[in-house]
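Remarks on the overall topology
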Amino acid sequence: MRQLVQKWNNNNRSKATFLDFHLGKKYENILRRKKIASEKLRVAETNKYVYTVLDGITQFKVCLHKRTCIFGRFQLDELPCPHALAVLTISHTGYEKYCYD
Ligand SMILES: [Zn+2]
């Protein structure tokens, strides 16, 4: 069953929009708000996994490998924070695997 779901997801990936991944309405709305907040952030790559995200003059370190953000919401909410979403967007990485079950 899981394989079928995976196949379906792959088949539909080309049609996928930002929130085509089913988290449930509540989390989709949260993620949508975070995505909007992420659009004003600037991102600089520190190394392969660590990025510096600038919100005005405030810096946030995001590590995709450890799934952490210095702000703490990434690891606390178990959903990408706006800083992590900004990194995922510029690195063309899907956010799905950064949302916990
Ligand atoms: Zn953050």
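Refer to the preceding data block for the structure.
I will try to describe carefully the structure that is included in this document. All residue numbers refer to position in the chain's written sequence, counted from 1. At least 70 in pLDDT is required for a residue's local features to be given in this predicted model, at least 80 for side-chain atom pairs to be given and counted, and no such filter applies to totals for whole chains, interfaces and linings, which use all residues. The side-chain numbers reported here are obtained from all heavy atoms of the structure, hydrogens and water having been left aside.

Brief notes about the pattern of salt bridges
- Whenever Lys or Arg places a side-chain nitrogen within 4 Å of a carboxyl oxygen from Asp or Glu, that contact is recorded as a salt bridge. What the rule picks out here adds up to three salt bridges.
- For the salt bridge of Lys40 with Asp55, the shortest nitrogen-to-oxygen distance reads 3.1 Å. With Lys40 in the loop between α2 (25-38) and β1 (42-45) and Asp55 in strand β2 (residues 50-55), this residue pair connects regions lying 15 residues apart in the sequence.
- Across the pair Arg73 and Asp77 runs a salt bridge, and its minimum N-O distance is 2.8 Å. Placement of the pair is Arg73 and Asp77 together in helix α3 (residues 73-77), with a separation of four residues, close to one helical turn.
- Residue classification places Arg73 among the partly exposed positions, given a relative accessible area of 38%.
- Taking the relative accessible area as the measure of exposure, Asp77 reaches 27% and is therefore partly exposed.
- Salt bridges sharing common partners tie together Lys34, Arg73 and Asp77. Strands are runs of DSSP state E lasting at least two residues, helices are runs of H or I lasting at least four, and both sets are numbered from the N terminus onward. With a 1.4 Å probe rolled over the protein chains alone, any residue whose accessible area is under 20% of its type maximum counts as buried; one over 50% counts as exposed, and the rest are partly exposed.

Here's the deal with the sheet that holds strand β4 (residues 68-69)
- By this definition, two strands are paired if DSSP reports at least two bridges between them. The strand order across the open sheet built from four strands is β1-β2-β3-β4, with neighbouring strands paired in antiparallel fashion. In the strand order of this sheet, the two ends are held by β1 and β4, each with one partner.
- In the sheet, β1 pairs with β2 via four bridges, with the strands oriented antiparallel. Paired with Glu45 across the bridge in β2 is Tyr51.

Quick notes on the coordination of the zinc ion
- A 2.8 Å cut-off from the metal defines N, O and S donors, relaxed to 3.2 Å for Na, K and Ca; water is not in the atom list, so some sites may appear incomplete. At the metal site, the zinc ion is ligated by Cys69 (SG), Cys81 (SG) and His83 (ND1), and these contacts range over 2.0 to 2.3 Å.
- If you list the donors of the zinc ion from N- to C-terminus, the spacing comes out as C-x11-C-x1-H. Of this pair, Cys69 sits in strand β4 while Cys81 is found in the loop between α3 and α4 (82-90), placing the two residues 12 residues apart along the sequence.

A closer look at the nonpolar core
- Ranked by internal contacts, the top residues of the largest apolar core, which has 19 residues, are Val62 and Leu64.
- Of all the elements in the fold, those that place two or more residues in this core are β2, β3 (58-63) and α4.
- When residues in this core are grouped by element, the largest group, five residues, is from α4. Only buried Ala, Val, Leu, Ile, Met, Phe, Trp, Tyr and Cys residues count toward a nonpolar core, and they belong to the same one when joined by side-chain atoms within 4.5 Å.

Some remarks on unusual backbone geometry
- Positive phi, normally seen in glycine, also occurs at Arg67, with a value near 55 degrees.
- Note on placement: Arg67 falls in the loop between β3 and β4.
- Residue classification places Arg67 among the partly exposed residues on the basis of a relative accessible area of 26%.

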